[in-house]
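Residue-level listing of the chains:
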Amino acid sequence: MKFDILTILPEMLRGPLDESILKRAQEKQLVEICVRNLRDWTHDKHRTTDDRPFGGGPGMVMKPEPIFEAVEELKRSSPGAWVVMLTPQGRRFDQQAARGLATREHVIMICGHYEGVDERVREALVDEEISIGDYVLTNGALAAMVVVDATARLVPGVLGHADSAKDESFSDGWLEYPQYTRPAEYRSMAVPEVLLSGDHAVIAAWRQEQSRQRTRRQRPDLMKDDEK
Ligand code: ADE
């Protein structure tokens, strides 16, 4: 799977992409992540990507020309690429959206900045608008990072253990059960006896019940009425 991230802050993204699971996924060529500097598609001396809003008002708006030219160039060799824009106005990103995005072969991400992006970008270029939550970030680059991370780990082969994306929060609609590792007792806090029993059926039932209780307590909105 390939991601192209269009941003005016490429340096902000390079560090996180070069660590741990995302780094290995790229080395194994399961995922290709290209961070592109939007200023490379400007033509003036100052490499301008923003301008004042028509009609007045505070802040600056991202100009359409560099974004159109960048997306058109990237799509020339990949006409089926899916174009996503990160903005607080988008549909809220969740695990289901990540699963949907992970089925795409090539995703081009446009990171908004300043007060907004010229509306013609949204109208003519964008297939899907994504928000990572109901709060406003200084720019869309961090949001793109979140979306790339949550999506790339679902690409087959990226996670080491084949099952590790199946048995986790949201995979079946509930939060994950509590996990413990050694030592069995730490500062007088003991690991629940059931986990030391070796009885896999009993452990599975305990975990399911813990998931249910935790979800009911912390995220009742995730539960259907008959599950509560
Ligand atoms: N840009 C600024 N805030 C954002 C958010 N919450 N989600 C996606 N992009 C954003």
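Owing to the predicted nature of the structure, the values given are computational and were not obtained by experimental measurement.

Quick notes on a nonpolar patch on the surface
Here is step 1: The grouping of Met12, Tyr135, Leu137 and Leu142 at the surface amounts to a nonpolar patch, some 330 Å² of accessible area in total.
Here is step 2: Mapped onto the secondary structure, Met12 falls in helix 1 (residues 10-17).
Here is step 3: Of the residues examined, Met12 reaches a relative accessible area of 34% and is grouped as partly exposed.

Brief notes about the packing of helix 1 against helix 6 (residues 140-152)
Here is step 1: The contact between helix 1 and helix 6 brings their axes to 9 Å, and the two run at 25°. When the interaxial angle is binned, helix 1 and helix 6 end up roughly parallel. Seen from above, helix 1 lies across helix 6 with right-handed handedness. On helix 6, the residues that touch Met12, Leu13, Pro16 and Leu17 of helix 1 are Ala141, Leu142 and Met145.
Here is step 2: Residue composition of the contact of helix 1 with helix 6, by class: seven nonpolar, no polar and no charged.

Overview of the sheet that holds strand 3 (residues 50-51)
Here is step 1: Strand order in the open sheet formed by three strands is 3-4-7, with mixed pairing between adjacent strands. Strand pairing shows two members of the sheet lacking a second neighbour, strand 3 and strand 7 (116-117), which therefore form its edges.
Here is step 2: Taken together, the two bridges between strand 3 and strand 4 (residues 61-62) define a ladder with antiparallel strand orientation. Counted as the bridge partner of Asp50 is Met62 from strand 4.

Considering the domain arrangement of the chain
Here is step 1: The domain architecture assigned to the chain consists of domain 1 (2-152) and domain 2 (167-228).
Here is step 2: Just the C-alpha atoms count here: the centres of domain 1 and domain 2 sit 36 Å apart.

Overview of the pattern of salt bridges
Here is step 1: Summed over the entire model, instances satisfying the criterion amount to 12 salt bridges.
Here is step 2: Measuring nitrogen to oxygen at the nearest pair gives 3.5 Å for the salt bridge that ties Arg14 to Glu11. Note that Arg14 and Glu11 are positioned in helix 1 at a spacing of three residues, about one turn of the helix.
Here is step 3: With a closest N to O distance of 2.8 Å, Glu129 and Arg122 form a salt bridge.
Here is step 4: On the basis of relative accessible area, Glu129 is assigned to the buried category, the value being 18%.

Here's the deal with the site of the ligand
Here is step 1: The local shell around the ligand holds 13 residues, among which Thr87, Ile132, Gly133, Tyr135 and Leu137 are the closest.
Here is step 2: Take Gly133: an N or O atom from its main chain is 3.1 Å from a nitrogen atom of the ligand.
Here is step 3: Within the backbone of Leu137, one N or O atom sits 3.0 Å away from a nitrogen atom of the ligand.
Here is step 4: In the complex, the protein chains occlude 96% of the 260 Å² of accessible area that the ligand would expose alone.
Here is step 5: Tallying contributions element by element places strand 5 (residues 82-92) first for the shell around the ligand, with three residues.
Here is step 6: The residue inventory of the shell around the ligand, partitioned by class, reads eight nonpolar, five polar and no charged.

Analysis parameters
Every chain is numbered independently, its residues counted from 1 as its sequence is written. Only residues with pLDDT of at least 70 are given local features in this predicted model, and only at 80 or more are side-chain atom pairs given and counted; all residues enter the totals for whole chains, interfaces and linings. Calculated side-chain values reflect all of the structure's heavy atoms, with hydrogen atoms and water omitted. Each patch is built from residues that are more than 30% exposed by relative accessible area and take part in no salt bridge. Like charges join if they lie within 9 Å; nonpolar side chains (Val, Leu, Ile, Met, Phe, Trp, Tyr) join within 5 Å. In this description, accessible areas are obtained by the Shrake-Rupley approach with a 1.4 Å probe, and a residue is regarded as covered only by the protein chains that are shown. One speaks of a salt bridge when a side-chain nitrogen belonging to Lys or Arg is within 4 Å of a carboxyl oxygen belonging to Asp or Glu. Helix numbering and strand numbering both begin at the N terminus, where a helix is a DSSP run of H or I of at least 4 residues and a strand a DSSP run of E of at least 2. Only protein chains enter the area calculation, which uses a 1.4 Å probe; residues under 20% of their type maximum are buried, those over 50% are exposed, and those in between are partly exposed. Axis geometry follows a simple rule: fit a line to the C-alpha atoms, using only the stretch in contact for helices, then measure angles between N-to-C directions, giving values from 0 to 180 degrees. Throughout this description, any angle smaller than 35 degrees is read as roughly parallel, any larger than 145 degrees as roughly antiparallel, any in the 65 to 115 degree range as roughly perpendicular, and the remainder as oblique. Left-handed describes a crossing whose near helix is turned anticlockwise from the far helix through less than a right angle; right-handed describes the clockwise counterpart. Residue contacts are counted whenever heavy atoms from the two residues lie within 4.5 Å of one another. Under the convention adopted here, Pro, Cys and the residues Ala, Val, Leu, Ile, Met, Phe, Trp and Tyr are nonpolar, Asp, Glu, Lys and Arg are charged, and Gly plus all remaining residues are polar. What makes two strands pair is DSSP finding at least two bridges between them. Each domain's extent was defined by an automatic or database domain assignment. Being near a molecule or strand, for a residue, means having at least one of its heavy atoms within 4 Å of it. What qualifies as a polar contact is a pair of N or O atoms within 3.5 Å, subject to a donor-acceptor requirement within protein and to the restriction that residues adjacent in sequence count only when both atoms come from side chains.

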